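Spelled out, the chains give:
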Amino acid sequence: MPTSELRTIDEINEKIRKGEAVVVTAEEMIKIVESRGIKVAAKEIDVVTTGTLGAMCSSGAIINLGHSDPPIKINKAWINDVEVSHPGAAVDLYIGATQMSETKPFEYGGGHVIEDLIKGEEVELRATAYGTDCYPRTRLETLLTKNDLNQFYLLNFRNCYQRYECATNSRDEVIYTYMGKLLPHFGNATFSGAGELSPLTNDPNYETIGIGTRIFLGGSQGYVIGEGTQHNPRNQFGTIMVRGDGKKMSPEFIHGASFTNYGTTLYVGIGFPIPILNEGLAKKTSICDDDIFTEVVDYGVPRRDRPTLRKVSYKELKSGKIDINNKEVKVSSLSSLKGAKKIAKTLKSWIDDSKFFLTAPIERLPTDTVFKPMKLLSAMPFVESIIHPAMTCKEDEKVKSVAEKIIHHSINHVVVVNDEGKLKGIVTSWDITKAVAEGKKDLTDIITRRVFVTTPDEPVEVASRKLAQHNISALPVVNQEKKVVGIITAEDISKLFKR
Amino acid sequence: MVKVLLKFSDKVTDQPITSQVIKEKGVTINILSAHVDQQGGEMLIEIPEDEAEGVIEAFRSKGVKVELRRLIEVNKEKCFDCGGCISLCPVNVITYDAEYSVVFDEEKCLGSTCALCIDACPVRAIELIT
Ligand code: SF4
Ligand code: SF4
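On a predicted model such as this, the values are computed, not experimentally measured, just so you know.

What counts as what
Residues numbered from 1 in each chain as written. Chains lettered and ligands numbered in written order. Predicted model: local features only at pLDDT ≥ 70, side-chain atom pairs only at ≥ 80, totals over all residues. Heavy atoms only, no water. Near = heavy atom within 4 Å. Nonpolar A, V, L, I, M, F, W, Y, C, P; charged D, E, K, R; others polar. Contact = heavy atoms within 4.5 Å. Buried area = accessible area lost by both parts, 1.4 Å probe. Salt bridge = Lys/Arg side-chain N within 4 Å of Asp/Glu carboxyl O. Polar contact = N/O pair within 3.5 Å; in protein donor to acceptor, adjacent residues only side chain to side chain. Helix = DSSP H or I, 4+ residues; strand = E, 2+ residues; numbered from the N terminus. Pairing = 2+ DSSP bridges. Axes fitted to C-alpha atoms, helices over the stretch in contact; angles between N-to-C directions. Buried < 20%, exposed > 50% of the residue type's maximum accessible area, 1.4 Å probe, protein only. Domains from an automatic or database assignment. pLDDT = per-residue confidence, 0-100.

Right, let's talk about the site of ligand 2 for a bit. In the vicinity of ligand 2, the contacting residues are C79(B), F80(B), D81(B), C82(B), G83(B), C85(B), V102(B), F104(B), C121(B), P122(B), V123(B) and I126(B). For the shell around ligand 2, the class distribution of residues is ten nonpolar, one polar and one charged.

Dropping the structure here:
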């Protein structure tokens, strides 16, 4: 639906220079189109600004330290105890946002180092090296601020997802994910992205975005340097790669963050100016939350392809409540909606004040690439492959008879079931020994009723994590009707991995 | 109504202190939430204003520590209004205002007997006052 060109980037820049460009935020654009129609809006509006401030894990910063005397070719380095990598020759370091501190893991990480540097704070650098004839030094310890660095560039290889899933949790325990803390039994849900304000949502075919597009990045001007990793345009999961000068950024729009039991990350503020080159772009930038959809996904299933529960609009998400399986569930945004608004407004004011000029991309983001899954050399084993029959008993059995089963079959776990074969609890040989010592005769006094379970189609890796996390040695295997179909033990798993 | 936090040491958790106080004073006590572990227990209750003094006295005389105070502290310097904590709160303490700033109605908070939002904040802006 190519529509005729209304204006060029050069013409817009000329108007910006004269202070005559008409700039509105994506939210304002919706209202203008609603009240005056697309044709008028397209004619009058030159630029629409967007914004988002969300957790973007695939972020980091490249820094150059300058040379010490005698010089060092850094092999390993840490800033504030966070390991930083050495992708270059001698003194170039990359601070990855998700790399965690060795002394304060899960609380402080690369994202925090970047924020501290932006704030102008002093950070502690430690480095070691093997020493060469040209770079003899093997150890280094120093304190640095951003002013001591030659270059300090944010260099994020995947930012600004076009849209993202809404996460919830079907399990009967709290889980901590990169989508935040998810309460059991669909107790809450979280989502990311600013909906109608989101940058890529307002230019979904990447007409104006590509290599060289100047953008708002972390409170300063930055650039799109290409499509982001995992860019997946066919499913509207586009991403971008960006670069911006960390020395000029503001801590208001860059936050180091910790997701409990998941790790550290970086919140990054990004905004695009979208030039209204044609009527089509006027229409696209007037998209509103009612028309932006994503999926509610069950993060309780720890697989690559998690089950989708339903489709949901951003309008519904932003209302704070969504309906899942006929239950009202509270939902919260993980990205700051206030921050997104502020970014769109700030970018607008920069253009109004002739401080920000638009660029045409040298090459647009690809619209046809696919995002492939990982190639693995061997298939992942499932619980199915190591399951064996469980020794079962009923709740009303005596300790003595269960003890006999344990001895006779030389096993350690007996699964307690009801008449329908449904799980009621578990008893271990240790429980039995203890019961005998204490003179207890009834099984009901010693049954463990809160039992962690697995299913035949669960990856062994996931079952193994359950054993380790809860410090237990076996998991009953249940089917969809909660009937016990077998058991797996820590021993089965170690045998499998030894093969 | 006055909201007070009762702290039971492990020595008194096995006694029916709350029902004793209710019986003695003839008041209604609204139990908002409770939490018990090996170290003891905590209970958040609401009592009618004019009865508060007597009830607090009664709990104290039975060896329960009674505290009247704010239960959480939100560091507004750190908070950047991400909204991540909102969906964790069971009693709607946390909401957006008209500008999408995240605001806390601390009066309603259940404090350490709940604490669901505390470790959900990515910048650790919410703290329990202990
Ligand atoms: S501790 Fe947090 S989640 Fe719990 S009631 Fe208070 S504000 Fe709400
Ligand atoms: S999660 Fe933390 S930063 Fe986000 S709104 Fe709540 S208190 Fe503020």
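After that view, the rundown keeps rolling.
With that settled, consider the interface of chain A and chain B. Between chain A and chain B, the contact holds 28 residues from the first and 23 residues from the second. Taken together, both faces of the contact between chain A and chain B bury some 1900 Å²; the carbon and sulfur share is 52%. A per-residue breakdown of the area chain A buries against chain B is headed by K181(A), K330(A) and K338(A), which together make up 30% of the total. At the boundary of chain A with chain B, the tally comes to three salt bridges. The residue D81(B) makes a salt bridge to K338(A) at a minimum N-O spacing of 3.5 Å. At the junction of chain A with chain B, the criterion picks out 18 residue pairs in polar contact (both at pLDDT 80 or more). Taken together, the elements giving at least two residues each to the side of chain A that touches chain B come down to β14 (189-191), β19 (254-259), β25 (327-333) and α6 (337-352) of chain A. With five residues, β19(A) is the single largest residue contributor to the side of chain A that touches chain B. The residue inventory of the side of chain A that touches chain B, partitioned by class, reads eleven nonpolar, eleven polar and six charged.

To continue, consider the site of ligand 1. Around ligand 1, the neighbouring residues are I72(B), C89(B), P90(B), V91(B), V93(B), C109(B), L110(B), G111(B), C114(B), A115(B) and C117(B). Grouping the constituent residues of the shell around ligand 1 by class yields ten nonpolar, one polar and no charged.

Pairing between the strands of a sheet is mediated by backbone hydrogen bonds and can be parallel or antiparallel. All names here are of chain A. The antiparallel open sheet is built from four strands, whose spatial order is β6-β5-β8-β9. A single partner strand is all that each edge strand has here, and the edge strands are β6 (82-84) and β9 (139-144). Taken pair by pair, the neighbouring strands of this sheet meet at an average axis angle of 25°, ignoring direction. Bridging between strand β8 (residues 123-128) and β9 involves six bridges; their strand directions are antiparallel. Following the sheet pairing, L125 is matched in β9 by T142.

Turning to the pattern of salt bridges, a few remarks are in order. Residue and element names in this part refer to chain A. Tallied over the entire structure, the rule returns 34 salt bridges over all chains. Across the pair D46 and K15 runs a salt bridge, and its minimum N-O distance is 3.0 Å. On the criterion of sequence distance, the pair formed by D46 in the loop between α2 (26-44) and β2 (47-49) and K15 in helix α1 (residues 9-18) is long-range, its members being 31 residues apart. Looking at D46, the relative accessible area reads 0%, which means it is buried. Taken together, the salt bridges that share partners define one network made up of R7, K15 and D46.

This brings us to the domain arrangement of chain B. Residue and element names in this part refer to chain B. For chain B, the domain assignment lists domain 1 (2-68) and domain 2 (71-129). Contacts between the two partners involve nine residues from domain 1 and, on the opposite side, eight residues from domain 2. Both sides of the domain 1 and domain 2 interface together cover about 580 Å² of buried area, and 57% of this is carbon and sulfur. For the pair domain 1 and domain 2, the interface holds zero salt bridges. Remark: the boundary between domain 1 and domain 2 carries five residue pairs in polar contact (both at pLDDT 80 or more). Only β1 (2-9), β2 (30-37) and β3 (40-47) provide two or more residues apiece to the side of domain 1 that touches domain 2. Tallying contributions element by element places β2 first for the side of domain 1 that touches domain 2, with four residues. Residue classes in the side of domain 1 that touches domain 2 are distributed as five nonpolar, two polar and two charged.

Take the sheet that holds strand β4 (residues 65-67) of chain B next. Residue and element names in this part refer to chain B. An order of β2-β3-β1-β4 is seen for the four strands of this open sheet, with the pairing classed as antiparallel. A strand with exactly one partner marks an edge of an open sheet, and here the two such strands are β2 and β4. Across the sheet, the mean angle separating the axes of adjacent strands is 20° when strand polarity is ignored. For β1 and β3, the ladder comprises eight bridges, and the chain directions are antiparallel. Opposite F8, over in β3, you have G41 as the bridge partner. Across the face of the sheet, helix α2 (residues 52-61) comes into contact with β1, β3 and β4 while running at roughly 165° to β3.

In this section: the confidence of the model for chain B. All names here are of chain B. Put simply, chain B has an average pLDDT of 88, and 100% of its residues get 70 or more. When the elements of chain B are averaged for pLDDT, β2 gives the smallest value, 84, and strand β7 (residues 102-104) the largest, 95. For this predicted complex, the interface score ipTM comes out at 0.78, while the overall pTM is 0.82.

Take the environment of K372(A) next. Residue and element names in this part refer to chain A. Tracing the sequence through the fold places K372 in the loop between β26 (363-364) and β27 (392-393). Looking at K372, the relative accessible area reads 64%, which means it is exposed. Between the alpha carbons of K372 and R126 there is a distance of 38 Å; along the sequence they are 246 residues apart.

Glancing now at the environment of A463(A). Residue and element names in this part refer to chain A. By the element assignment, A463 lies in helix α9 (residues 460-470). For the pair A463 and I45, spaced 418 residues apart in sequence, the C-alpha to C-alpha distance is 56 Å. Apart from residues no more than four positions distant in its own chain, A463 is found in contact with V383, T454, E458, L475 and I488.

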